[in-house]
Amino acid sequence: MKTMNVIKATMLLATALVTVGCASDDTIENEQQAGNKMPAHAVVFSGENQAKPAYTRTTLSSHAKGSETAVEWEASDHVWVKDDAGVYQKSTITEIPNLQNKSIAMFGLTTGSFTGTNHSVVYTGKNSTSATEVEIKAEQTQTVTNSFAHLGESGDCGVATATKTSNGTYRFKLEHKAAYICIYPRIEEHDRLQKNVKLTKIVLVSSSGPIAGKYDFSTGTLGSTPTSDASNTITLTTPSGEISTATRVDTSYYAVIAPGTHTLRAKYYITDPSTHVSKVVIKDLGTMTFTSGKFTDVTAWINKDLIEYNSYYAWDAKKPYWYGYESVQPLTDGASNPNYPQPGEERYEASTLNGINNPLFTPNGPRHVPTMNELSWYLMKGDSRWDSNGVYVFNGHLQQGFGVWFKKMERIKADNASLVAGAGGDVKAMGLDYGDVYHDYSSSHSVYMIYASTSNTIPTEDEQIDYFFIPFCIPIYVNGECRPGVPRTAYWTTSRSYIFYAEYSGVGVYHFGPGVGDVQGFCAVPML
């Protein structure tokens, strides 16, 4: 995460001050985008760029991760200017003379007297009705990726002092007072899933206090806490939002957030339009400091904890069961295809007892199926929970079905620190039996079964950050035939002697004897 300067506004008010005539009975609310259409009786403030592009407001025009950000005025913007009597007057006309350079705008005021050397200027957001209050919205919407068009209506604000020059013009630089977050979600190493899902919303949750609400702005600085409508969450709705395969600006998302130090959790809601299945992915962002007038970049690896379960192998084979024949893989119960692994192929099963041919099957592989010792910790301390409608990834799509939630190994170790320490600190080297008795299953294959009952309490949305879901509704393959996973789906371990399975009363590992002459394809995936 990086923080960068944003919007060091150099908006210049540079047109001569026009004498104020008698105000019309009708308030002028027109907003023009071309041509000089200011009424003769209006006080006109004209903004222009310096030689270097101005960093002003209110719509993002360009942003690169880790660099300054350029934004532009919109025709619907207005500013508040303090008149000679000390009363803030709202500009009623906004004109952008050159549509090719929207960092220049003219603001017309039809009420108040402006003759001083300096006048205070404030911006309190699009459609604001007060010069002394700013609302950072708890509900924000971004309809296009890499667009901050909602900046002004989501809570952006700023202050400036307009100074009268020798030729009668006024100039000011807008100093922004809100903070901003830019989020870069991505789906790596999972091209099919990336193409098949959309981001529907991002929810930022603060455990340290409000991050949105209505704030006092009478001093030109946002108050430390909201005066009303305080919210510890900001929901950024992103209808049909795209997710890239990498951290890219063109698939980024923005929100306005209250300045300060916040401890945040981000929830990413994704949906699969084809299957109509949705899932929330939760990431703890930790404690972060958000500074007025600056962007904070946050990257998010959405699918890091999403496992593709269409990962079938014959025992310790070098290639997947349907490698080269993915297009004809049978996916419905009872369907079959003759192109299953044959002797001599890299897809064919190994004759070894322990995995040695494929890193996926070896205990020392970077990403490997669980060892018997590791599985014993999941079963004894993983707090297994049934879920008849759990969400998982299969064949590049979000699917929903019967399975079991387990605590992630990181959580198991944290919750059982002393027990893990007693095992030498290595759950791969030492397993656990009933009654918290240590047992090294790798030294003996005589154990017939380890079994654990499961509860019916599904982890809450916030609890799921510490759990992962394993489907037990996906099929297995025997000689190319797709066989139903209910009541039993089988998962390989690093030993051919044991497979991981589930039945309606619980989950377990049992001693496995492969059928004579059968070429079996079981799911082979790392556990979290």
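Counting restarts for each chain, with residues numbered from 1 along the sequence as it is written. Reporting of local features is limited, given that this is a predicted model, to residues whose pLDDT is at least 70; pairs of side-chain atoms are given and counted only at 80 or more, and all residues count toward the totals for whole chains, interfaces and linings. Side-chain numbers here rest on the full set of heavy atoms in the structure, without hydrogens or water.

Looking at the side chain of Asn-373
Then comes step 1: Note on placement: Asn-373 falls in helix α3 (residues 372-381).
Then comes step 2: What makes Asn-373 buried here is its relative accessible area of 1%.
Then comes step 3: A polar contact is formed between the side chain of Asn-373 and the backbone oxygen of Ala-429, at a distance of 3.4 Å.
Then comes step 4: Each residue touching Asn-373, except ones within four places of it in the same chain, is listed here: Val-427, Lys-428, Ala-429, Met-430, Gly-431, His-439, Asp-440, Tyr-441 and Ser-442. The helix count covers DSSP runs of H or I at least four residues long, the strand count covers runs of E at least two residues long, and both are numbered beginning at the N terminus. Accessible area is worked out with a 1.4 Å probe on protein chains only. A residue is then buried under 20% of its type maximum, exposed over 50%, and partly exposed in between. Pairing of N or O atoms within 3.5 Å defines a polar contact, subject to two protein rules: one partner must be a possible hydrogen donor and the other a possible acceptor, and residues neighboring in sequence count only if both atoms are side-chain atoms. Residues count as neighbours in contact if any of their non-hydrogen atoms are within 4.5 Å of one another.

Description of the sheet that holds strand β18 (residues 198-206)
Then comes step 1: Across the sheet, which stays open at both edges, the five strands sit in the order β13-β21-β18-β23-β24 with mixed pairing between neighbours. A strand with exactly one partner marks an edge of an open sheet, and here the two such strands are β13 (139-141) and β24 (277-290). Going from strand to strand, the sheet's axes swing by 20° on average, the running direction of each strand aside.
Then comes step 2: Pairing between strands is defined by DSSP: at least two bridges between them are needed. As paired elements, strand β23 (residues 260-272) and β24 share 13 bridges and run antiparallel to each other. Each residue of the ladder has a partner; that of Leu-264, found in β24, is Gly-286. Axis lines are fitted through C-alpha atoms, for helices just across the contact stretch, and the angle between N-to-C directions can take any value from 0 to 180 degrees.

Some remarks on α3
Along an α-helix, residues three or four apart share an orientation, since each turn contains 3.6 residues.
Then comes step 1: Extensive coverage of α3 is indicated by the burial of eight of its 10 residues.
Then comes step 2: Looking only at α3, the buried set comprises Met-372, Asn-373, Glu-374, Leu-375, Ser-376, Trp-377, Tyr-378 and Leu-379.
Then comes step 3: Following α3 by one or two positions, Asp-383 has its phi on the positive side, about 50°.

What to know about the pattern of salt bridges
Then comes step 1: Salt bridges are identified by distance alone: a Lys or Arg side-chain nitrogen within 4 Å of an Asp or Glu carboxyl oxygen. Evaluation of the coordinates by the stated rule reveals 20 salt bridges.
Then comes step 2: We note a salt bridge from Asp-250 to Arg-248, for which the minimum N-O separation is 2.5 Å.
Then comes step 3: On the basis of relative accessibility, which here comes to 37%, the residue Asp-250 falls in the partly exposed class.
Then comes step 4: One network of salt bridges, in which partners are shared, links Arg-265, Lys-267, Asp-284, Glu-461 and Asp-462.

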